Amino acid sequence: MKKLQDYFLYFMFYSVIGWIYEVFLEVVVYRWGFSNRGVLFGPYCVVYGFGAVILLLTLSGLMKKKIRIGRVNITPLLVFLGIVLITTVIELAASYIMEFTMGEWMWDYTRFSFNFQGRVALNPSVRFGIGGMVILYLLHPLVRRFTERTSLQVQRVTAAVCLIVLAADCIYLVVKNWL
C-alpha cells in the first residue's frame, strides 16, 4: 500500500510539473497567452503523471545496468531511446482516448516534420526524451529522497487530499461534458 501511495504522489507531482511545462511553453516560449493546458480543471496534466510513472516502472531497472560497447557505457542512450519510444506511444494513445471521449485532442503537430496525423512528431518526442532524462536522472532522485524523509502521516494526508481533489475534478469533467 505504501508503494502505491508513493507512486500516486509521484503521479500527482509529475502531473503538476507537466502542467507547468505546458503553460511555460504557451506563455513564455510561444507567447500565445495563458490557457489551462490540462484536460481537467486543476493545474495538472495527467498524461505527464502517467508518463512519468510508466517511465519509472519500466526504465528504473535498465538505468541500474552498465551496458557497454567497448569502454563506452551506452545505458543512458538506451534509456533515452526507451523514453522517446514510451512517451511517443503514450502521447499517441492519449490523443486517441481524448478524441474518443471528447471529440478532439489538445495538440496539433502537423507543422512539424516527421509527424503522424498531427498526433505525434519527432521534435516533441525528442523533447520528451530530454525531459524524461532530466526526470529520471536528476529530478526523481530528489523527489524520492524528499518523499522518504517526509513522515508517513504527512504522505497519507497529502495523498488523500490529492485523491479527493482529482476525483472531484474527474466528476466535474464527466458532469460538464456528458450530462
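Residues numbered from 1 in each chain as written. Predicted model: local features only at pLDDT ≥ 70, side-chain atom pairs only at ≥ 80, totals over all residues. Heavy atoms only, no water.

Caption draft 1: Region of the structure containing the overall build of the chain. Each helix and strand in the chain was counted, giving 5 helices and 4 strands. Going from N to C terminus, the chain has its helices and strands arranged as α-α-β-β-α-β-β-α-α. In terms of overall size, the chain behaves like a compact globule, its C-alpha atoms giving a radius of gyration of 18 Å where 179 residues would be expected to give roughly 16 Å. Along the longest, intermediate and shortest principal axes, the C-alpha atoms of the chain span 60 × 50 × 30 Å. Taking all 179 residues of the chain together, the buried fraction comes to 38%. Across the chain, every contact between residues at least 6 apart in sequence was considered, and the portion connecting residues at least 24 apart equals 62%. Split by element, the accessible area of the chain, about 11200 Å² in all, is 71% carbon and sulfur. Computing the positive centroid from 17 side-chain charges and the negative centroid from 9, the chain places the two 15 Å apart. (Helix = DSSP H or I, 4+ residues; strand = E, 2+ residues; numbered from the N terminus. Rg over C-alpha atoms; globule rule 2.2 N^0.38 Å. Buried < 20%, exposed > 50% of the residue type's maximum accessible area, 1.4 Å probe, protein only. Contact = heavy atoms within 4.5 Å. Areas by Shrake-Rupley, 256 points an atom, 1.4 Å probe, with all protein chains shown as cover. Lys, Arg positive; Asp, Glu negative; His and termini not counted. Charge placed at Lys NZ, Arg CZ, Asp CG, Glu CD.)

Caption draft 2: Inspection of a nonpolar patch on the surface at higher detail. A surface patch of nonpolar side chains, amounting to about 680 Å² of accessible area, comprises Phe-114, Leu-122, Val-126, Ile-130, Val-134, Tyr-137 and Leu-138. Counting through the fold element by element, Tyr-137 comes out in helix H4 (residues 122-149). What makes Tyr-137 partly exposed here is its relative accessible area of 32%. (Patch = residues over 30% accessible without salt bridge, like charges linked within 9 Å, V, L, I, M, F, W, Y side chains within 5 Å. Salt bridge = Lys/Arg side-chain N within 4 Å of Asp/Glu carboxyl O.)

Caption draft 3: Representation of the packing of helix H2 (residues 46-64) against helix H3 (residues 75-102). Running from N to C, H2 and H3 cross one another at 150°; their axes reach a closest spacing of 10 Å. The angle between H2 and H3 places the two elements in the roughly antiparallel class. Our pair here, H2 against H3, has a crossing hand that is right-handed. Touching Val-47, Gly-51, Ile-54, Leu-55, Thr-58, Leu-59, Leu-62 and Met-63 of H2 are Thr-75, Leu-78, Val-79, Gly-82, Ile-83, Ile-86, Thr-87, Ile-90 and Ala-94, all from H3. (Axes fitted to C-alpha atoms, helices over the stretch in contact; angles between N-to-C directions. Parallel < 35°, antiparallel > 145°, perpendicular 65-115°, else oblique. Left-handed = near helix turned anticlockwise from the far one by under 90°.)

Caption draft 4: Just the packing of H2 against H4, in detail. Two elements in contact, H2 and H4, have axes whose closest approach is 11 Å; the angle formed by their N-to-C orientations is 70°. In terms of their interaxial angle, H2 and H4 are classed as roughly perpendicular. For the pair H2 and H4, the crossing hand works out as right-handed. Within the contact between the two elements, H2 uses Tyr-48, Leu-55, Leu-56, Leu-59 and Met-63 and H4 uses Phe-128, Gly-132, Leu-136, Tyr-137 and His-140. Here the residues of the contact of H2 with H4 are counted per class, giving 8 nonpolar, 2 polar and no charged. (Nonpolar A, V, L, I, M, F, W, Y, C, P; charged D, E, K, R; others polar.)

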